[in-house]
Protein chains: 4
Amino acid sequence: MKQLNIGIIGAGRIGKVHMRSITYSVPTAKVLGITDVYKEGLQELADKYGIEKVYDSYQDMLADKDIDAVLVCSSTDTHADISIEAAKAGKHIFCEKPVDLTPEKVKAVMEAVDKAGVKLQVGFNRRFDHNFAHIHKLINENKVGNLELIKITSRDPEPPPAEYAAVSGGMFLDMTIHDFDMARFLAGSDVTEVFVNAACLVDPAIGEAGDVDTAIINLKFANGALGVIDNSRRAAYGYDQRVEVFGSKGAAFASNDTPTNVTVMNSEGITTDKPLYFFLERYMQSFRDEMICFVDSVLNDKPTLTTGNDGLNSILVALAAKKSVQEGRPVKIAEIG
Amino acid sequence: MKQLNIGIIGAGRIGKVHMRSITYSVPTAKVLGITDVYKEGLQELADKYGIEKVYDSYQDMLADKDIDAVLVCSSTDTHADISIEAAKAGKHIFCEKPVDLTPEKVKAVMEAVDKAGVKLQVGFNRRFDHNFAHIHKLINENKVGNLELIKITSRDPEPPPAEYAAVSGGMFLDMTIHDFDMARFLAGSDVTEVFVNAACLVDPAIGEAGDVDTAIINLKFANGALGVIDNSRRAAYGYDQRVEVFGSKGAAFASNDTPTNVTVMNSEGITTDKPLYFFLERYMQSFRDEMICFVDSVLNDKPTLTTGNDGLNSILVALAAKKSVQEGRPVKIAEIG
Amino acid sequence: MKQLNIGIIGAGRIGKVHMRSITYSVPTAKVLGITDVYKEGLQELADKYGIEKVYDSYQDMLADKDIDAVLVCSSTDTHADISIEAAKAGKHIFCEKPVDLTPEKVKAVMEAVDKAGVKLQVGFNRRFDHNFAHIHKLINENKVGNLELIKITSRDPEPPPAEYAAVSGGMFLDMTIHDFDMARFLAGSDVTEVFVNAACLVDPAIGEAGDVDTAIINLKFANGALGVIDNSRRAAYGYDQRVEVFGSKGAAFASNDTPTNVTVMNSEGITTDKPLYFFLERYMQSFRDEMICFVDSVLNDKPTLTTGNDGLNSILVALAAKKSVQEGRPVKIAEIG
Amino acid sequence: MKQLNIGIIGAGRIGKVHMRSITYSVPTAKVLGITDVYKEGLQELADKYGIEKVYDSYQDMLADKDIDAVLVCSSTDTHADISIEAAKAGKHIFCEKPVDLTPEKVKAVMEAVDKAGVKLQVGFNRRFDHNFAHIHKLINENKVGNLELIKITSRDPEPPPAEYAAVSGGMFLDMTIHDFDMARFLAGSDVTEVFVNAACLVDPAIGEAGDVDTAIINLKFANGALGVIDNSRRAAYGYDQRVEVFGSKGAAFASNDTPTNVTVMNSEGITTDKPLYFFLERYMQSFRDEMICFVDSVLNDKPTLTTGNDGLNSILVALAAKKSVQEGRPVKIAEIG
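Every chain is numbered on its own, with residues counted from 1 as its sequence reads. Whichever chain is written first becomes A and whichever ligand is written first becomes 1, with later ones labelled in order. Given that the model is predicted, a residue must reach a pLDDT of at least 70 before its local features are reported, and side-chain atom pairs must reach 80 or more before they are shown or counted; all residues, however, enter totals for whole chains, interfaces and linings. The side-chain values count all of the structure's non-hydrogen atoms but skip hydrogen atoms and water molecules.

So, about the overall build of chain A. Helix and strand assignments come from DSSP, with helices taken as H or I runs of at least 4 residues and strands as E runs of at least 2, each series counted from the N terminus. A tally of helices and strands in chain A yields 12 helices and 15 strands. Atoms considered for the radius of gyration are the C-alpha atoms alone. The globule rule reads 2.2 Å times the number of residues to the power 0.38. Taken against the 2.2 N^0.38 rule, which gives 20 Å for 337 residues, the C-alpha radius of gyration of chain A at 20 Å falls within 12% of a compact globule. For each residue, the accessible area found with a 1.4 Å probe, counting protein chains only, is set against the maximum for its type, and the residue is called buried under 20%, exposed over 50%, and partly exposed in between. Counting every position in chain A, which comprises 337 residues, the buried fraction comes to 61%. Long-range pairs, those at least 24 residues apart, make up 70% of the contacts in chain A with a sequence separation of at least 6. Surface accessibility in these figures is a Shrake-Rupley result with a 1.4 Å probe; residues are shielded only by whichever protein chains are displayed. As presented, chain A carries roughly 12300 Å² of accessible surface, and 51% of it is formed by carbon and sulfur atoms. Within this scheme the basic residues Lys and Arg register as positive and the acidic residues Asp and Glu register as negative, but His and the chain ends are omitted. A single reference atom marks each charge: NZ on Lys, CZ on Arg, CG on Asp, CD on Glu. Taking the 36 positively charged and 47 negatively charged side chains of chain A as two groups, their mean positions are separated by 4 Å. Two residues qualify as a contact provided that any one of their heavy atoms is within 4.5 Å of a heavy atom in the partner residue.

The following block contains the structure:
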């Protein structure tokens, strides 16, 4: 069996997660080299995982003909440009979400990818989560019947610094974008209209930075189903990631994952664990499985599960959500871009 | 202690529930008499519960000076007129929901009640439900912190006949009205704006009758909290009645009540009971406790928990919800009535 | 339909429970009269429930030919003698558990009942509990397959006064006797052997009074199944009443009942209600349903669900358990009585 | 930091598990070489995990001075002899459970280890399980109060072949031995007496081979606590691994781990996942963490968590359990060996 040679661009938190996943859990792939704009500790990292090459720049990596595919894990504003260059260099691409904050640049990436005939997978890891993938399977096996309602609860344990609100594109493009993709994934259908009630209830500084921290987001899907997402930037009990789908045959819902399944019974009540703390703990299995999928799609020429089109559509929904808040009305996706 | 003499107008399903509750569970009250437009079986019913008087008409009942209070359990279109006459006759009033389908008539009832100086309690029994009352208490004890999100799931086991859609005023006035009252109760604040995504996904005949059977309803409250209700007229697994509140200190949610707490583990999975079938099974305790509250409010001159104002506001929200569906936009309560 | 005239002997806690159940929930029966060795408040009680007669003594009650059946709710040491007299007077008998602390007197009651041709039901109310009755039904419907293991957890919220240990006959005859009956009921088979590990871990005064407060009790059943009961006189989280059955097709277990189904999620964890506090709260439904069964068995000449034989066998098992603790070895039921 | 060079003796199922854990999850250790009596596929396995050396025999491995420690993963009957030789060769030892089926040979291993001054860890992996380790922690933090009851449910999904019963030493030495160790671990105290009710209810062939497949096992601990283990060789719903501890402040229990946290609600009921299928799925995390502990204990000269003494005591309890079944009486551990 051929082994895929992968280069990782950006060795921050998520880059390291993929480094580890591929090295330990994807026998059909190998991290051949890494690069980062920050050089400190890079060689030590390479040594730790037995990575042969440390490139001075991503351009050097793209020029290396031994590299089959790259993971774009650099800062968001560089995703699109690097992806386009990688496509031109004939490399298969795994790009972290969001591909870009503008539909135009996402489309440019998609065109470059199409032209080059390379694979593109976008980092919507939650599709690979054991709970949500199981719900998707139940829907596809018609265990839920005709899908009528999709409900997603997605709450962070703590708000980001207010200054992050600006650079990240705001809550919808940064945080809810995962939920938009999940909603589309479960619905098996595109979103046609968005209406949002949002507020700044957690941290006034977020509001001053022009963002919201609490929202109820309504979705209409092309297939007639209705959806609703509720977001908060701060849940006192931790990272709350639940999904419920409802249809003609019944419902299915995913509860939170917890560190243990231990229950304590005492004079205070009957108490179980809070959810796993945050996305690294909660979604580690999905980060691994998205790598397995990506490598498999390249080696065996299969479609990826999270395409450029998925990347694009989630951004369109996020932009419609922003517009809905600004204008206080339902916004059709067709109005965007 | 004085015992309150109660007359029940309307001996249908809900009238019988109150007959039983008062006779067996409210030692401070007594069902002195009953009346109904359908005479068949009325005397047998009176005998069964040891009720002294069977009146030919509600007018006769109102003319009986031994009657202290009446329960208006007749058909919805008669609630307001009977309540007004009862107020004029100096009787305290428990009126089933909705008081009327128009705000004007509800206001007329409220005026008559004010003028007569009698008590009025509206039949929003769910405020007395053990689960929801406990959540209300947790909010009031500041266990949830500042309230930010209120989520209500309310799904019936089976749709009503389509012809019922017309006479009942539609899903929002007939079914969701309980959820509107619950939302206001938990928020401790009035609804200021409504936006609805609704559809007819369960039974096309309901759509042909001009109603919807599936909806996601967004609420803005005067205190800044956001709310969302999801409704379906048909849940394959039964009567689904859940509530979740979320605030700065955490969240609380009420799961469904079930016939037993038995779990079966076999080769199919780990299975527990479906919810209690429908509202009579599910809310029997609350029907009893609303009677205890009503009798207490009259005997001890306390405010009722569900006032004419609550009856009025729920109808305003329901009408705003209808308008939102018709016009595809958020509707302010101030636009109604 | 004939209405059964019932006399209640003993108007203490449990006598009042039955008074209420029959008056409000058993339309086919009526509490015709009551009696008690303590006269204070007896007439007020009769007035409250509309009971016609207050007898000076149980003998007077038994002499009243209008009385069809009696409930023996007096102190344990009087159960057997009163029951025998009642049988001789031709009254049907509901006798609280235990019938007596000695097998001889229980047998004497059974003989008197047989001779008189009256019904005898023993107050093992838990057979009527919604959870345990459902597990019994699952077993009978062969949902569990061949029964192999029966596990009962039965823990009180607080220990009784140590002086109670002596008069009650000790933990096995007073508390565990309910579990012995439940085990026999679920097994559908008699116990043949008992082995107990017991200790005094909760209150040294109980040990000084010659009793234990903590025990693990092993049962062998005639049909080959194995059983285990664990008891404690003090559970910090309240009244713990769980059952698990295991067989060739799977398992079923009954969790505790709780005041509400509300879950609170905060920085401390995810917390639900403690169990309903004690037996009156926990088993009220079963106290009502055992009355319905008793009245039905008399009126329609059906067998009772908890017979004199059940009363006798539970005592034999309890005595074997005591002997096992004393002698530190498994004891066969055949060794007792 | 020094990296520990490990040799694995026996490359069967559990040997492979450790190979993988060390290679991917223990950066401070390295599998330097492997050996097995079956040579087929051994080199391929070494290649897969980048293992340098494949030895012809374990003797060759023990003679290699580059090897710091060995994992004894060979067949049970060879554990003790290999461990003794390894100790003599100055290698630290991780030995799979049981060390031997006789106390004499376990003691011989302990003596050899003591004399050589090497570390010995026994493969009681469950002590490292996230659920059970958390319960242990709660006990140590005095969250449960004085420990009074320990209950372990341990049921396999399917019985082993009957012929396995003989060679494995029977259910108590093969399967329950894990539960005995868990009971001792949680109690923080040695077992002093055992009483067993056991039967062959699952597969008659197991009975013919002289073993049992269903048991309720009672334990007395030196500290006064009482324990009970229930075992079955076949649970229709899968691998059932639960623990409950009860004390003066309350209780804690560990429920089963499941593949997902998804609940399905349909007309059949409310259904969640069956437990993870068997020990490899269920305990993978603990297999990894026991390796981390072993390597840490060697590198940093710390005590191991599961010592030779733990290995010995579990065997003593298992032998007492066998004797209890044979003689139908409680057996003191002091009677054994």
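On we go from here.
Here we come to the relation of the copies chain C and chain D. The copies are overlaid by a least-squares fit using only the C-alpha atoms of residues whose pLDDT is at least 70 in both copies. Least-squares fitting of chain C to chain D yields an RMSD of 0.0 Å, with the superposition described by an axial translation of 0.0 Å and a rotation of 180°. A rotation of that kind, with that shift, is consistent with a two-fold axis. When each C-alpha of chain C is compared by its distance to the rotation axis, C:Arg329 comes out closest, at 3.0 Å. Take the interface residues of chain C: 100% of them recur as interface residues in chain D, which is what a same-surface contact looks like.

All right, on to the environment of A:Ala254 then. Position of A:Ala254 among the secondary structure elements: in strand 12 (residues 250–254). In sequence terms A:Ala254 and A:Thr307 are 53 residues apart; their C-alpha atoms lie 24 Å from each other. If near-sequence neighbours (up to four positions away) are discounted, A:Ala254 is found in contact with A:Asn131, A:Phe132, A:Ile135, A:Gln241, A:Arg242, A:Val243, D:Asn261 and D:Val262.

The next point concerns the sheet that holds strand 4 (residues 69–72) of chain B. Residue and element names in this part refer to chain B. We treat two strands as partners when DSSP finds at least two bridges between them. Pairing in this open sheet of six strands is parallel, and the strands run 3-2-1-4-5-6 from one edge to the other. Looking at which strands have only one partner, the edges of the open sheet turn out to be strand 3 (53–54) and strand 6 (120–122). Alignment of strand 2 (residues 29–35) against strand 3, held across two bridges, turns out to be parallel. If you follow Ile34 over to strand 3, its bridge partner there is Val54. Helix axes are fitted to C-alpha atoms over the stretch in contact, other axes to C-alpha atoms as well, and angles between N-to-C directions run from 0 to 180 degrees. Across the sheet, helix 4 (residues 79–88) is in contact with strand 1 (4–9), strand 4 and strand 5 (92–95); its angle to strand 5 comes to roughly 165°.

As a further point, take the pattern of salt bridges. Definition used for salt bridges: Asp or Glu carboxyl oxygen within 4 Å of a side-chain nitrogen of Lys or Arg. Per the counting criterion, the structure on display carries 120 salt bridges over all chains. Where C:Arg184 meets C:Asp190, a salt bridge forms, and the shortest distance between an N and an O atom there is 2.8 Å. Take C:Asp190: its relative accessible area is 31%, and that puts it in the partly exposed class. Put simply, A:Lys151, A:Glu244, B:Arg155, B:Asp230, B:Asp240 and B:Arg242 are held in one network by salt bridges that share partners.

These two copies of the chain differ by a rotation about an axis and a displacement along the same axis. At an RMSD of 0.0 Å, chain D and chain A line up after a rotation of 180° and a shift of 0.0 Å along the axis. With an isologous cut-off of 70% or more, the 100% of interface residues of chain D that recur at the interface of chain A puts this contact in the isologous class.

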